[in-house]
Amino acid sequence: MKKTLIILSSVVLLLSGCASDFNSVYKYGDTEAKYEAAKEFFARGKFQQATTLLEELVTIKKGSDEAQECLYMLGMAQYCNRDYEAASETFKKYGSSYPRGIYAEPAAFYVGESLYESSPEPRLDQSPTNGSITAYQQFMDLFPDSKLRDRAQARLYELYDKLIQKEYLSAELYYNLGGYFGNINSNDESNYNASIITAQNALKNFPYCSLREEFMLLIMKSKFQLAENSTEERRLERYRDAEDECYGFINEFPDSKNAATAEKYIAKCKKVIKD
């Protein structure tokens, strides 16, 4: 006991230092010394040191009164240290281990936050984005009256916008590839069709998206290009389809700067259909 008290006293004194603080506690501190040191390191913003101690403590403290705090604090230390993948897993573990725990609400929220911070720019794989959306939705279902609900809802709007942007970039890429070689061929036709399908699916999945006009413009332009470069047997059918699409675009966006393009396409379609 006397030896333990000496070690604890040394630990308290060492916490006022820098690198030696962590080494002393990690090597020589007992469980309680490490627990107090982890909280101290966390409060001082030394999240890597806190994480290292807490990773050990969550196992040692399992079943104790401090177990919940250790696990939640570990998640927050990882989050603050920008280790978002580890943080999301820790917060998920907290939710499954303590579904009615004292930190259950913020832990559920920070699953979404961690994945939100991991969400890449729209051109890349959006698995973290989809995971974050699911996590925020689960959070709002579990805690509908939470003070964090508005923040979660705002995050959802941002994440959905990112998914919409990714779909638009994909549809635009297909359209641009469609005319890459200058003359229509089977690959070009497939790309124009892919642009149409991608844009139509985006409008179906996100009916109130902010890029609705841009998607409809891509559909209209792709259909017109298909008609322009079509085989003789499908030429009239595709010009009629393109003409209908142009009218639909003008009806929905009469003041659009792209209305003139739609009018130009209509004139060309009418000429071909009449002839």
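All residue numbers refer to position in the chain's written sequence, counted from 1. Only residues with pLDDT of 70 or above have their local features reported here, since the model is predicted, and side-chain atom pairs are shown and tallied only from 80 upward, although totals for entire chains, interfaces and linings are computed over all residues. Neither water nor hydrogens contribute to the side-chain values; these are computed over all heavy atoms in the structure.

Let us look at unusual backbone geometry. Trans is the prevailing form of peptide bonds, just as negative phi is the prevailing case for residues other than glycine. Unusually for a residue other than glycine, arginine 82 sits at a positive phi of about 65°. When a residue's accessible area, from a 1.4 Å probe over protein chains only, is under 20% of the maximum for its type it is buried; when over 50% it is exposed; and in between it is partly exposed. On the basis of relative accessibility, which here comes to 68%, the residue arginine 82 falls in the exposed class.

By the criteria applied, helices consist of DSSP H or I runs no shorter than four residues and strands consist of E runs no shorter than two, each listed in order from the N terminus. Here glutamine 126 lies in the loop between α7 (104-118) and α8 (127-142). Residues adjacent in sequence count toward polar contacts only when both atoms are side-chain atoms; beyond that, a polar contact is any pair of N or O atoms within 3.5 Å, and within protein one must be able to donate a hydrogen and the other to accept it. In this structure the side chain of glutamine 126 is engaged in a polar contact, spanning 2.5 Å, whose partner is the side chain of threonine 129.

What follows deals with helix α5 (residues 67-80). Taking 1.5 Å of rise per residue, the 14 residues of α5 would be expected to cover 20 Å, and the 20 Å separating its terminal C-alpha atoms lies within 8% of that figure. Taken across its 14 residues, α5 has eleven buried, putting it largely inside the fold. Looking at α5, one finds that the buried residues are Ala67, Cys70, Leu71, Tyr72, Met73, Leu74, Gly75, Met76, Ala77, Gln78 and Tyr79. The contact rule is simple, with two residues in contact once any of their heavy atoms fall within 4.5 Å. Turning to α5, the residues buried within the fold contact α3 (31-43), α4 (47-60), α6 (84-97) and α7. Once α5 finishes, arginine 82 follows within two positions and takes phi at roughly 65°, a positive value. A helix is expected to reach a length of 1.5 Å times the quantity of its residues less one.

Another aspect to go through is helix α12 (residues 232-252). Helix length check: α12 (21 residues) gives 31 Å between terminal C-alpha atoms against 30 Å at 1.5 Å per residue, within 8%. Listed in full, the buried residues belonging to α12 are Arg238, Tyr239, Ala242, Glu243, Glu245, Cys246, Phe249 and Ile250.

Counting rule for disulfides: a pair of cysteine sulfur atoms within 2.5 Å. Under the defined criterion, the tally for this structure stands at zero disulfides. Summary of cysteine pairing: cysteine 269 is not part of a disulfide, and the nearest cysteine sulfur, belonging to cysteine 246, is at 5.4 Å. For cysteine 269, a relative accessible area of 0% puts it in the buried group.

Nonpolar cores are built from buried Ala, Val, Leu, Ile, Met, Phe, Trp, Tyr and Cys residues. Side-chain atoms within 4.5 Å join them into one set. The biggest cluster of nonpolar side chains holds 73 residues, and the ones touching the most others in it are Leu54, Phe91 and Phe215. Per-element accounting of this core gives the leading share, nine residues, to helix α11 (residues 212-228). Those residues in contact with leucine 54 that sit more than four places away from it in its chain are Ala38, Cys70, Met73, Leu74 and Ala77.

It is the contact of α6 with α7, at a shortest axis distance of 8 Å, that shows an interaxial angle of 155°. By the angle between their axes, α6 is roughly antiparallel relative to α7. At the point where α6 passes α7, the crossing takes the left-handed sense. For the pair α6 and α7, the contacting residues are Tyr84, Glu85, Ala87, Ser88, Phe91, Lys92 and Tyr94 in the first and Ala104, Ala107, Tyr110, Val111, Ser114, Leu115, Glu117 and Ser118 in the second. The residue makeup of the contact of α6 with α7, split by class, is nine nonpolar, three polar and three charged. Angles run from 0 to 180 degrees between N-to-C directions of axes, and those axes are lines fitted to C-alpha atoms, restricted for helices to the stretch in contact. Any angle that is under 35 degrees is reported as roughly parallel, and any over 145 degrees as roughly antiparallel; angles of 65 to 115 degrees are reported as roughly perpendicular and all others as oblique. Note on convention: the crossing is left-handed when the near helix lies turned anticlockwise from the far helix by less than a right angle, right-handed when the turn is clockwise. Any residue that is not Ala, Val, Leu, Ile, Met, Phe, Trp, Tyr, Cys, Pro, Asp, Glu, Lys or Arg is counted as polar, Gly included; the first ten are nonpolar and the last four charged.

Take the pattern of salt bridges next. Any Lys or Arg side-chain nitrogen found within 4 Å of a carboxyl oxygen on Asp or Glu counts as a salt bridge. Counted according to the given criterion, the structure contains 15 salt bridges. With its nearest N and O atoms 3.6 Å apart, the salt bridge here joins glutamate 89 to lysine 92. Of this pair, glutamate 89 and lysine 92 both sit in helix α6, three residues apart, which is roughly one turn of the helix. Its relative accessible area of 46% is what places glutamate 89 among the partly exposed residues. A salt bridge links glutamate 113 to arginine 155; the shortest N-O distance between them is 2.8 Å. Of this pair, glutamate 113 sits in helix α7 while arginine 155 sits in helix α9 (residues 149-178), and the two are 42 residues apart along the sequence. Each member of the pair, glutamate 113 as well as arginine 155, carries the same accessibility label: buried. The network of salt bridges with common partners includes Glu113, Arg151, Arg155 and Glu158.

Quick look at a nonpolar patch on the surface now. On the surface, Leu173, Tyr174 and Leu177 cluster together to form a nonpolar patch covering roughly 260 Å² of accessible area. Examined against the element boundaries, tyrosine 174 turns out to sit in helix α9. Exposure above 30% relative accessible area and the absence of a salt bridge qualify a residue for a patch, where like charges join within 9 Å and nonpolar side chains (Val, Leu, Ile, Met, Phe, Trp, Tyr) within 5 Å. Computed with the Shrake-Rupley method and a 1.4 Å probe, the accessible areas treat only the protein chains shown as cover for residues.

Pairing of aromatic side chains here covers Phe, Tyr and the six-membered ring of Trp, requires ring centres within 6.5 Å, and sorts the geometry by plane angle: under 30 degrees stacked, over 60 edge-to-face, intermediate tilted. According to the stated counting rule, one finds 19 aromatic pairs in the structure shown. Measuring from centroid to centroid gives 6.3 Å for tyrosine 72 and tyrosine 94, while their planes differ by 70°, and the two rings are edge-to-face. Of this pair, tyrosine 72 sits in helix α5 while tyrosine 94 sits in helix α6, and the two are 22 residues apart along the sequence. The pair formed by tyrosine 72 and tyrosine 94 is uniform in burial state, with each residue classed as buried. Where phenylalanine 109 meets tyrosine 110, the ring centres are 5.4 Å apart and the plane angle is 90°; that geometry is what we call edge-to-face. A relative accessible area of 0% means that phenylalanine 109 is categorised as buried.

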